[in-house]
Amino acid sequence: MSGIYIHIPFCKKRCHYCDFYKSVDLLQVDSFLAALSQEIFLRKDYLNERIISTIYFGGGTPSILSAKQLCEILDLIRTTYTVLSEAEITMEANPDDLSAEYLKEIKSIGINRLSIGIQSFSDKDLIFMGRRHSAMQAIEAVKMSQSVGFENISIDLIYGIPGMSVKQWKENLQQAFQLNVQHLSAYHLTFHKGTQFWKQLTKGYIREIDEDESIIQFETLIEEAKKNDFIHYEISNFALDGFFSRHNTSYWNQTEYLGLGPSAHSYNKATRFWNVSSVKKYLQHIDNKTIAGRFETLSINDKFNDYLLTRLRTCWGISKNQLLQQFGSKYFQYFEQKIIHYISLGFIEESNDNVYITKKGLFILDSIIEELFYV
Ligand SMILES: C[S@@+](CC[C@H](N)C(=O)[O-])C[C@H]1O[C@@H](n2cnc3c(N)ncnc32)[C@H](O)[C@@H]1O
Ligand code: SF4
C-alpha cells in the first residue's frame, strides 16, 4: 500500500509563524492545477506499489480550492492509480473557508477526514499570529463539519506562543476536547528564518518562551490528552483509539509515498525526491514534461538513520528484531552500544523487543536522535 500527498501551495495571506512553501498569488491557481494534472500522470511509475490507501491534501491551503477542483484531482488520481474504496482521504482546511454547503460538497466527493488549522481558541493569540479567523469561527467550523457528517476530524493547535500562560494553554486544550474531535496535532511554536515572527524576534520585539515553561506546556498537553482518552502516538499527535492518521503513520512506518506539487517530498524505499519549492519553476518544468526537484538515492546509512528518526518519535518505538533483519548485525550492535548511555539516564527504555523514548527523553528527542545517527 502507498500514500499520495498533494501540496496546494497557495494561501490568502501569510501567517506570521509559517514557513511552509506557499504563494499568495492566487492568479496562478489554474495554471498550477493544469500542471498538477500532468504531474499525476508523469509520476505514475515512481511508486513500486500502485495501490493507494491514503490521500492527503496539505498546504498551503487546500480549502481555497472548490469542491469541483478537488474532485477533478481525485478523479485523475483514481484513474491513474488503484485507490482503495476505503482509502483515508484527508484535507487540511482553514476555519474561515468552511461553510456547511462547501463541507457537504467535499464530503460527497470522498474526503472523509478533515484536519482543521485552529492554532488557538484565543482571539488575542490568533491576531498575534496573523490568522484570518476568530476563535468563534474555528468552533463553528468544527461543529458544522460534525453536523454535515464528518466523523474523523483533527485539529491543529500551537503552544509555546509568547505571552501564552500555562493556564491559557490548558483552557485551549479543554476547549479542544469539549468539541469531541477524534484527533489533535499540537506543535510547539518554532521560529523560522524568513517569517514575520523571525523578524520580530531578531529585532527584539518578541521573545521565545523559557525552556521550563515549554516543558510545563508539553506536560500539560500530555496530561490533558490522557484525561480525555487520547493516545499520544507520535511526539505531536494524539488521537482516540482507531483514529490515528493513517497517512502520517505510513510516513513513520517507512511506507512508500508520492508527493505532488511544489515542495512535496516523495519516498519509494530506494530514493527520495524533493519537488522544487517554487510554483514558477514547477510550471516551467512541467511544460517540458519534467519535474523540477532534487533526487537522492538512499544509502544503508540513510535508511538506518531514517528508521531511527521516524520510529523514535512514535509510541511503537524501534523493534530490535526488525532492526537486525533490515540492517544486519553491524548496525544492530552499533545501536545496542549507543543506547546503553541513554537507558542509564532514563531517556530510553526497553521492553521485550522494543526500544522507546521515555517521557523524559521526549523533551530532548532531537539531540538524542542526532547522537544515535550512524555517520
Ligand atoms: C502547513 S500548515 C497548513 C494548515 C492550514 N493551512 C492552516 O493554516 O490551517 C500545518 C500546521 O502546521 C503548524 N505550523 C506551521 N508552522 C508552524 C510553526 N512555525 N510552529 C508551530 N507549528 C506550526 C500549524 O499548526 C498548521 O496548522
Ligand atoms: S499556517 Fe496555513 S494558512 Fe497560514 S501561512 Fe501556513 S499554510 Fe498558509
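Chemist: Outline the pairing of strand 6 (residues 183-188), listing residues and values.
Modeler: The sheet contact formed by strand 5 (residues 153-159) and strand 6 spans six bridges and is parallel. What sits directly across from Leu157, in strand 6, is Ala186. At this point the chain moves from strand 5, through helix 6 (residues 166-178), to the parallel strand 6, and the crossover so formed is right-handed. For strand 6 and strand 8 (residues 237-239), the ladder comprises three bridges, and the chain directions are antiparallel.

Chemist: With reference to specific residues and values, describe helix 11 (residues 300-311).
Modeler: Since the α-helix turns once every 3.6 residues, residues separated by three or four places project in the same direction. Compared with an ideal rise of 1.5 Å per residue, which puts twelve residues at 16 Å, helix 11 spans 16 Å between its outermost C-alpha atoms and is within 8% of the ideal. Looking only at helix 11, the buried set comprises Phe304, Asn305, Asp306, Tyr307, Leu308, Thr310 and Arg311. Turning to helix 11, the residues buried within the fold contact helix 9 (246-252), strand 11 (271-275), strand 13 (318-319), helix 12 (320-344) and helix 14 (365-372).

Chemist: Which residues make up the sheet that holds strand 13, and what values go with them?
Modeler: If you trace the three strands from one edge of the open sheet to the other, you get 13-15-14, paired in antiparallel fashion. Both edges of this open sheet fall to strand 13 and strand 14 (348-351), since each of them pairs with a single strand only. Bridge analysis of strand 14 against strand 15 (residues 354-357) gives four bridges, and the strand direction is antiparallel. Following the sheet pairing, Ile348 is matched in strand 15 by Ile357.

Chemist: Which residues make up the domain arrangement of the chain, and what values do they have?
Modeler: Each assigned domain of the chain is listed here: domain 1 (2-251) and domain 2 (316-375). Centre-to-centre separation of domain 1 and domain 2, based on C-alpha positions: 30 Å. At the junction of the two partners, domain 1 supplies nine residues and domain 2 supplies five residues. Summed over both sides, the interface between domain 1 and domain 2 buries roughly 640 Å², with carbon and sulfur atoms accounting for 87% of that surface. Taken together, the links from domain 1 to domain 2 amount to zero salt bridges. Counting the contacts that link domain 1 with domain 2 gives zero residue pairs in polar contact (both at pLDDT 80 or more). For the side of domain 1 that touches domain 2, the secondary-structure elements that each account for two or more residues are helix 8 (211-227) and strand 7 (231-234). In terms of residues, the side of domain 1 that touches domain 2 owes the most to one element, helix 8, which gives four residues. Tallied by class, the residues present in the side of domain 1 that touches domain 2 amount to six nonpolar, two polar and one charged.

Chemist: Go over the packing of helix 6 against helix 8 with me, naming the residues and quoting the values.
Modeler: Where helix 6 contacts helix 8, the axes come no closer than 10 Å and their chain directions differ by 25°. Classified by the angle between their axes, helix 6 and helix 8 sit roughly parallel to one another. Here helix 6 runs over helix 8; the crossing is right-handed. Between helix 6 and helix 8, the contacting residues are Val166, Trp169, Lys170, Leu173, Gln174 and Phe177 on the first element and Glu213, Ile216, Gln217, Thr220, Leu221, Glu224, Ala225 and Lys227 on the second. When its residues are assigned to classes, the contact of helix 6 with helix 8 shows seven nonpolar, three polar and four charged.

Chemist: Give me the lowdown on the site of ligand 1, citing residues and values where you can.
Modeler: With respect to spatial proximity, 19 residues lie near ligand 1, and among them Gly60, Gln119, Arg131, Asp156 and Thr190 are the closest. Contact distances for ligand 1 include 3.0 Å between a nitrogen atom and a backbone N or O atom of Tyr17. The contact in question runs from a nitrogen atom of ligand 1 to an N or O atom on the backbone of Gly60, over 2.8 Å. When ligand 1 is considered free in solution it has 570 Å² of accessible area, and contact with the protein chains removes 93% of it.

Chemist: Any details on the side chain of Ser278? Residues and values, ideally.
Modeler: Relative to the assigned elements, Ser278 resides in the loop between strand 11 and helix 10 (279-287). Its relative accessible area of 16% is what places Ser278 among the buried residues. Discounting residues that sit within four places of it in the chain, Ser278 has contacts with Tyr21 and Pro262.

Chemist: So what's going on with the pairing of strand 7? Residues and values would help.
Modeler: Pairing of strand 7 with strand 8 involves three bridges; the strand directions are antiparallel. By the bridge assignment, His232 is partnered in strand 8 with Phe238.

Chemist: Provide a residue-level description of the site of ligand 2, including the pertinent values.
Modeler: Lining the immediate environment of ligand 2, one finds Cys11, Lys13, Arg14, Cys15, Tyr17, Cys18, Lys22, Gly60, Thr61, Asn94 and Arg131. Each residue belonging to the shell around ligand 2 can be placed in one class, and the counts come to four nonpolar, three polar and four charged.

Chemist: Run through the pattern of salt bridges, naming residues and quoting values.
Modeler: Pairing is possible between side chains that carry opposite charge, provided their charged atoms lie close to one another. Using the criterion set out here, one finds 16 salt bridges in the structure. The partner of Lys12 in a salt bridge is Asp97, with the nearest N and O atoms 2.7 Å apart. Residue Lys12 is located in the loop between strand 1 (2-8) and helix 1 (29-42), and its partner Asp97 is located in the loop between strand 3 (82-93) and helix 3 (100-108); the two are separated by 85 residues in the primary sequence. In this structure Lys12 comes out as partly exposed when scored by relative accessible area, which is 42%. The partner of Arg78 in a salt bridge is Asp75, with the nearest N and O atoms 3.9 Å apart. Placement of both Arg78 and Asp75 in helix 2 (residues 67-80) is noted, with a separation of three residues, approximately one turn of the helix. For Asp75, a relative accessible area of 40% puts it in the partly exposed group.

Scoring rules and cut-offs
- Residues numbered from 1 in each chain as written.
- Chains lettered and ligands numbered in written order.
- Predicted model: local features only at pLDDT ≥ 70, side-chain atom pairs only at ≥ 80, totals over all residues.
- Heavy atoms only, no water.
- Pairing = 2+ DSSP bridges.
- Helix = DSSP H or I, 4+ residues; strand = E, 2+ residues; numbered from the N terminus.
- Right-handed = clockwise from strand over helix to strand, strands pointing away.
- Expected span 1.5 Å × (residues − 1).
- Buried < 20%, exposed > 50% of the residue type's maximum accessible area, 1.4 Å probe, protein only.
- Contact = heavy atoms within 4.5 Å.
- Domains from an automatic or database assignment.
- Buried area = accessible area lost by both parts, 1.4 Å probe.
- Salt bridge = Lys/Arg side-chain N within 4 Å of Asp/Glu carboxyl O.
- Polar contact = N/O pair within 3.5 Å; in protein donor to acceptor, adjacent residues only side chain to side chain.
- Nonpolar A, V, L, I, M, F, W, Y, C, P; charged D, E, K, R; others polar.
- Axes fitted to C-alpha atoms, helices over the stretch in contact; angles between N-to-C directions.
- Parallel < 35°, antiparallel > 145°, perpendicular 65-115°, else oblique.
- Left-handed = near helix turned anticlockwise from the far one by under 90°.
- Near = heavy atom within 4 Å.
- Areas by Shrake-Rupley, 256 points an atom, 1.4 Å probe, with all protein chains shown as cover.

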